[in-house]
Amino acid sequence: MPVAIEQPFQEIPTLDWRLVHGTLEEREKFKAELIHAIVNVGFMYLKNSLVTQAQVNQLLDYIPKVFDLPLETKMTCSMLNSPHFLGYSRQGQEFTKGARDNREQFDFATDYECKWKEGDEDWKRLWGPPSYPPEKALPGFQRCVVDYLNGVADLGFKMVDLIEECLKIPTGSLAQFYDSEPMQQRLKLLKYVDASNLRPEDGTQGVGPHFDHGLLTFLLQASSHPGLQVQNKAGQWIDAPPVPGTFVVNIGKALEIATQKVCIATSHRVISPPKGMGSRYSVPYFQSFSLAAKVNQGIPIPQDILDLKHARGETGAVDSVNYSEYATECNGQVQLIGRIKSHPDVGEKWYPELFKELFPGGRPSFGAAY
């Protein structure tokens, strides 16, 4: 077992999934590298994963095409029409820490029948039917997205199993947070426009500093553009450039809380591409777990693993503050709060009472959307 050190990380480690199915020594090597990544960094590159290159390539081929659809076609699946926060968001309609994110996006998901009914908690409405562009506009696209989603979800579940091994906790300690029935799998397709298409007042925020919710995020950097940066505990922003054939995997805030902060959620952001570089594309998948689950009790962790956290030292001040509600609320409520803060127009329409709590003075004026 590696010994954690108090020095802030300066690079993102790379792990090779092939070692998991190699010799006993190779598997132990992977686990040692994984425990270092989840305890000391919160981020890693993962290569040679279970998701096939064919699945990835098919999605990569579709991404520019879906963003190049006519605006009226994209608006047929506008997020504003979805209480589940699924569908299309125009450039400049999402916000982080009250500032406009300079990106255009689609939120897609696997099929799911919403179980919410009048009188239920609002968060039970978060999962529901997905919204895609018309099939005739982009034949085969929805099937491609769902195939990719299922592939990454399978990888995520296996990664959680390995994290349980690394933490020396009983099998199922983290899987207890899953629903017994199929959960909705979700991802975003993101387009970060370069500075040539931005106004001076827009700044360079592709997406502002934040933590991810949930257990794990698997990010496909779908173009060669830099922009992703990860913040170490000294407050330094470390570049995480695209590496072909890899996912960027990072710890979510729920996993941090569930593991008594042994696994560390790390602040990160995206800087808009410079002028003339063209648009940056990326695809984050956020691993699903039960909306009803509460992670604030913390899982019992062996002392030698807790010692790694203590050796890591304090995380220091970072720029991200979101998802602190995991300390008291269930996953669904935490996600709902985050979604309303990020998409206040959707929140105001579908969740007016919680919207008023979060924005007592009414929807802030962020300037005209694109």
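Residues numbered from 1 in each chain as written. Predicted model: local features only at pLDDT ≥ 70, side-chain atom pairs only at ≥ 80, totals over all residues. Heavy atoms only, no water.

Right, let's get into the side chain of Ser223. Within the fold, Ser223 resides in the loop between β9 (216-221) and β10 (228-231). Within the structure, Ser223 has its side chain in polar contact with the side chain of His225 (distance 2.9 Å). (Helix = DSSP H or I, 4+ residues; strand = E, 2+ residues; numbered from the N terminus. Polar contact = N/O pair within 3.5 Å; in protein donor to acceptor, adjacent residues only side chain to side chain.)

Interaxial distance between helix α2 (residues 53-67) and helix α4 (residues 141-167) falls to 10 Å at its minimum, and their mutual angle equals 135 degrees. Judged by the inter-axis angle, α2 sits oblique to α4. In this structure, α2 crosses over α4, and the sense of that crossing is left-handed. Residue-level inspection shows Gln55, Val56, Gln58, Leu59, Tyr62 and Val66 of α2 in contact with α4, the latter providing Phe141, Cys144, Val145, Asp147, Tyr148 and Gly151. For the contact of α2 with α4, the class distribution of residues is 8 nonpolar, 3 polar and 1 charged. (Axes fitted to C-alpha atoms, helices over the stretch in contact; angles between N-to-C directions. Parallel < 35°, antiparallel > 145°, perpendicular 65-115°, else oblique. Left-handed = near helix turned anticlockwise from the far one by under 90°. Contact = heavy atoms within 4.5 Å. Nonpolar A, V, L, I, M, F, W, Y, C, P; charged D, E, K, R; others polar.)

On the basis of which strands lie adjacent, the open sheet formed by 4 strands has the order β8-β13-β10-β11 and antiparallel pairing. Looking at strand neighbours, the two that pair on one side only are β8 (205-210) and β11 (237-239), the edges of this open sheet. When the angles between neighbouring strand axes are averaged without regard to direction, this sheet yields 25 degrees. Strand direction decides the pairing type here: β10 and β11, joined by 3 bridges, are antiparallel. Bridge pairing in β11 places Val230 opposite Ile238. (Pairing = 2+ DSSP bridges.)

With their axes 10 Å apart at the nearest point, helix α1 (residues 24-41) and helix α6 (residues 303-312) run at an angle of 50 degrees to one another. Taken as axis vectors, α1 and α6 run oblique relative to one another. Here the hand of the crossing between α1 and α6 comes out right-handed. When α1 is examined against α6, the residues Ile35, Val39 and Asn40 are found in contact with a partner set consisting of Leu308, Lys309 and Arg312. Residues that form the contact of α1 with α6 fall into these classes: 3 nonpolar, 1 polar and 2 charged.

Before going further, it helps to examine the environment of Pro226. Within the fold, Pro226 resides in the loop between β9 and β10. By relative accessible area, which is 41% here, Pro226 ends up partly exposed. On a C-alpha basis, the gap between Pro226 and Arg90 in space is 22 Å, while along the polypeptide they are 136 residues apart. If sequence neighbours within four positions are ignored, Pro226 has contacts with Pro242, Met277 and Arg280. (Buried < 20%, exposed > 50% of the residue type's maximum accessible area, 1.4 Å probe, protein only.)

Another aspect to go through is the state of the cysteines. Under the defined criterion, the tally for this structure stands at 0 disulfides. Cys263 supplies the cysteine sulfur nearest to Cys166, a cysteine that is in no disulfide, at a spacing of 8.8 Å. We classify Cys166 as buried; its relative accessible area is 3%. Of all cysteine sulfurs in the structure, the one in Cys114 sits closest to Cys330, which takes part in no disulfide; the separation is 14 Å. On the basis of relative accessibility, which here comes to 7%, the residue Cys330 falls in the buried class. (Disulfide = S-S within 2.5 Å.)

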